[in-house]
Every structure is written in structure tokens, then in C-alpha cells.
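Breakdown of the fold
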Amino acid sequence: MYMKDHLIIRKMSEMDIMPICRAENNCTEEAATYLREQMENQRKGESEALLAVYQGNIAGYVFVYMRCPWGGFGGQGIPGIVDLHVLESYRRKGIATKLLDVAEQIAAQYHPQVYLDVCLSSKYGVAQRMYAKRGYLPDGKGVYYQEQVCPENAPCKNDNDLTICLIKNLR
């Protein structure tokens, strides 16, 4: 899919699950089950699971759903980018940018737009800025909490369920 210098981005396989868990220092059954579910969705043709390998080491991953069922545009036939993740020791090497480049190329084969949801906590500030620089724009519906538009003055919690939906025109 992509290979240049010390970075390879390829399709993830079942054999990658435990090495990914070890690289993330998270060998829980929950983490492995999540990745197995992603592999099953890929097998069914619902998504592409992309793995970044930097200098022979697992560096990150992302999932592209051709007709994403979750988030702000879930169930509307628009591709969605889900769970872009680069291991901390591999950040600031352009890996997230290349993962997104490949993910957007895949999405463009299915629809002229792609979307993603990003958490609003400061922990995701770097990602928020990266998406803005790449041309992702808010969907105009405001913030979401637990995948529902959060009404004005509604209580919510600044956790991973507080997001904003961003969309990008690919062509």
C-alpha cells in the first residue's frame, strides 16, 4: 500500500493482533477482542485495517469503514476513519499523516467525502489541529456525547465520548 524509507503501511492481519497488543503494552482480552473484531469487519469487506510499521516495529494503525455505521455521519453511506493511533514513541515522524493519506485514498474509491469523530479533550489537541490542517471541517451540528448531538445546556462529561464530527471533501 505504501512503502518509503523506513515506513511501511500495509493491510493488518490476524497475525498482527498480539504484536500490536504487546507494542501497546496492553495484552488484555478486551484489547485483543477489539482487534479481532476489526479483522472480522475487514474480512467481511466492511473496512480496511491499516498497520504502520516503522523500521520493522509496529508504530500505529487506523481503520477505514467504507460505509461507517458510527459517529456523526454513521449509517449514511459515507466512509469513516476510525481509531487513528500512533504509538507515543513513534509520534512526530509523519506516520499519522501517511496513515491518513492511505485511508483517504481508500475512502475516495467509495465516496467523494470522508468523516471522522475526534475527542474534544486536550489529550487529542494534536489530532484536532492535524485534522484542521488537512481540511477536515466540523459538520455544523456541534458536539456529540455518546454519539448523539449534545443539546444546548445538556450535561456531558469531557471523556472519550465527547466528540466533534469532522468531514472532508476528497474530490
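Provided above is the structure to which this section pertains.
Here is a short report on the structure shown in this document. (Residues numbered from 1 in each chain as written. Predicted model: local features only at pLDDT ≥ 70, side-chain atom pairs only at ≥ 80, totals over all residues. Heavy atoms only, no water.)

1. Quick notes on the pairing of strand β7 (residues 137-145)
Inspection of the sheet shows β7 paired to strand β9 (residues 162-169) by five bridges, in the antiparallel sense. Each bridged residue has a counterpart across the sheet, and for Pro-138 the counterpart in β9 is Leu-166. With two bridges connecting them, β7 and strand β8 (residues 148-149) associate as antiparallel partners. Note that in β8 the partner of Tyr-144 across the bridge is Val-149. Where β7 folds back on β8, the antiparallel hairpin that results is connected by two residues, among which Gln-146 adopts a positive phi of roughly 50°. (Pairing = 2+ DSSP bridges. Helix = DSSP H or I, 4+ residues; strand = E, 2+ residues; numbered from the N terminus.)

2. Points about the layout of surface pockets
Of the volumes computed, that of the largest pocket is approximately 1,700 Å³. In terms of lining residues, the largest pocket is bounded by 42 residues, among which Asp-83, Leu-84, Asp-117, Tyr-124 and Tyr-131 are the most central. Elements supplying a minimum of two residues to the lining of the largest pocket: α2 (29-43), β5 (80-86), α3 (95-108), β6 (113-119) and α4 (125-133). (1 Å grid on protein atoms, 1.4 Å probe; cavity = no way out; pocket = protein on both sides within 12 Å on 5 of 7 lines; lining within 4 Å. Points joined across faces, edges and corners; volume = space filled by probe spheres on them.)

3. Topic: the pattern of salt bridges
One pass over the full model with this rule turns up eight salt bridges. Residue Lys-44 is joined to Glu-46 by a salt bridge in which the shortest nitrogen-to-oxygen separation is 3.8 Å. Glu-104 is the salt-bridge partner of Lys-168, the closest N and O atoms lying 3.1 Å from each other. Residue Lys-168 is located in strand β9, and its partner Glu-104 is located in helix α3; the two are separated by 64 residues in the primary sequence. Residue Lys-168 is classed as buried on the basis of its relative accessible area, which comes to 14%. Given the relative accessible area of 9%, Glu-104 is considered buried. Among the charged side chains, a salt-bridge network with shared partners connects Lys-98, Asp-101, Glu-104, Arg-134 and Lys-168. (Salt bridge = Lys/Arg side-chain N within 4 Å of Asp/Glu carboxyl O. Buried < 20%, exposed > 50% of the residue type's maximum accessible area, 1.4 Å probe, protein only.)

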